[in-house]
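The lines below spell out each chain.
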Amino acid sequence: MLRVSALYNETEVDLRAVNGDAKGAAVGVEFGPELMLFAESLASRDEDLERRRQALLNAAGPAVLVDAAGVAANFQRMVRIADAIGIPVDDRSGEMGRHVRAELDLERFPSAANSVSV
Amino acid sequence: MTFFDYDQAPVPIRPDIAEAHRDYWRKLARPGSWWTGAERVAIAAESRNATTCRLCMARKQALSPESVTGEHDCGDGLPATAVDAAHRVVTDQGRITRRYVENSVAAGLTKEAYVELVGVVVATMSIDEFHRALGMELEPLPTPEPGEISRYRPAVLSEDIGFVPTIPADGAVGNEEGLWPGGRTANVLRALTLVPDALRDWLDLARAQYLSVEGMANMGQDEARSIDRMQMELIAARVSAVNECFY
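Residues numbered from 1 in each chain as written. Chains lettered and ligands numbered in written order. Predicted model: local features only at pLDDT ≥ 70, side-chain atom pairs only at ≥ 80, totals over all residues. Heavy atoms only, no water.

Time to look at the packing of aromatic side chains. Aromatic rings considered in pairs are described by the distance between their centres and by the relative angle of their planes. All names here are of chain B. Counted under the stated rule, the structure contains five aromatic pairs over all chains. Ring plane angle 75° and centroid distance 5.0 Å describe the contact between Phe 4 and Trp 25, whose orientation is recorded as edge-to-face. Separated by 21 residues along the polypeptide, Phe 4 in the segment before helix H1 (15-29) and Trp 25 in helix H1 bring together distant segments of the chain. Ring pairing ties together the aromatic residues Phe 4, Tyr 6, Tyr 24, Trp 25 and Phe 130, which thus form one cluster. (Phe/Tyr/Trp six-rings, centres within 6.5 Å; stacked < 30°, edge-to-face > 60°. Helix = DSSP H or I, 4+ residues; strand = E, 2+ residues; numbered from the N terminus.)

So this is what it looks like as structure tokens:
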């Protein structure tokens with residue numbers, strides 16, 4: 001969806017951001033590094049969350065922080081729905097999806113088996 | 001008691017988020033389709049206990065979660081199979097397999113109960129994670145309401161995706177008419193439909209925390225949000241990658 005939204009907005013993004021590259025997150029996305037690192041700390045439950053929350057707040061302000069917290073919390077839910085129920089990706093043959101999965105090496109995740117077997 | 005009073009929050013929180021959280025807390029306390037109100041609140045408590053459970057931590061480090069045995073750090077009121085499922089959804093969801101779900105069913109947890117449990121765990125977790133993201137204390141869980149479970153099961157189900165039956169794309173009829181706004185669905189929207197209210201609950205929360213289903217089709221700027229779609233999807237993608245979610 002990051003690639004789709006970037007295409008819609010005619011903006012270049014660097015998908016390495018998805019795997020935690022802060023420089024990549026800066027390409028095409030306003031406050032990209034701060035948003036990416038904040039989301040990363042929440043999902044990984046690491047000790048940097050407070051510092052990264054403050055960095056995002058300082059850079060972008062409270063409204064962005066709250067909306068970012070909502071989206072990150074929402075996807076903490078979404079990934080668990082997908083994996084707990086074992087649903088496959090909707091269109092495994094789509095060219096863009098195939099390219100993105102290859103670029104990010106997503107087949108390394110155990111839950112990829114839910115899509116391979118269908 | 002007024003839940004989710006965000007007046008004292010460290011940053012101003014949109015009223016629709018507070019209302020969505022309050023609305024879910026009310027639904028959490030009531031009897032569901034397959035769990036009583038007390039059991040639903042107990043499941044929510046286990047979603048919290050999981051984050052500090054020593055057995056879950058040991059399993060997470062193991063090559064196979066089945067290689068580590070022991071007892072979960074947990075509360076009362078739920079069968080052990082339900083506690084285990086709730087903890088796994090929080091701490092090791094990427095290694096839940098069809099075999100795990102089928103073993104849970106063999107141990108007495110029906111697929112319907114499993115789906116409702118997943119729905120309660122993830123809804124509670126998403127609210128808790130919002131609090132943790134902003135450095136706020138977790139909200140006290142609601143007092144359970146008495147009453148009977150409905151045992152509601154949709155009329156049209158298929159077994160073409162996932163570990164449990166789901167409503168097929170053309171099966172949202174009768175009581176489920178309008179379940180997917182706009183008439184188009186996706187596997188993630190179908191995932192919890194063995195218990196349709198579980199999907200309705202997550203859509204209500206997603207509408208406030210992320211976007212409505214209709215809003216997901218808008219790849220530009222939602223006027224009610226301070227971040228644009230690319231910013232949202234960067235956050236979503238990083239959270240998904242950290243969780244090793246292929247979907």
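Okay, back to it.
Let us now look at the interface of chain A and chain B. Across the boundary between the two partners, chain A contributes 71 residues, which contact 66 residues of chain B. Counting each side, the surface lost to burial between chain A and chain B is near 6,200 Å², with a carbon and sulfur contribution of 71%. The largest per-residue losses of area from chain A upon contact with chain B belong to Arg77(A), Arg80(A) and Ile85(A), which jointly make up 12% of the total buried on that side. The salt bridge partner of Arg14(B) is Asp67(A), with a shortest N-O separation of 2.5 Å. At the junction of chain A and chain B, the tally comes to 23 residue pairs in polar contact (both at pLDDT 80 or more). Counting only elements with at least two residues in the side of chain A that touches chain B, the list comes to helix H1 (2-8), helix H3 (32-44), helix H4 (49-60), helix H5 (62-85) and helix H7 (113-116) of chain A. Looking at the side of chain A that touches chain B residue by residue, the classes come out as 44 nonpolar, 15 polar and twelve charged. (Contact = heavy atoms within 4.5 Å. Buried area = accessible area lost by both parts, 1.4 Å probe. Salt bridge = Lys/Arg side-chain N within 4 Å of Asp/Glu carboxyl O. Polar contact = N/O pair within 3.5 Å; in protein donor to acceptor, adjacent residues only side chain to side chain. Nonpolar A, V, L, I, M, F, W, Y, C, P; charged D, E, K, R; others polar.)

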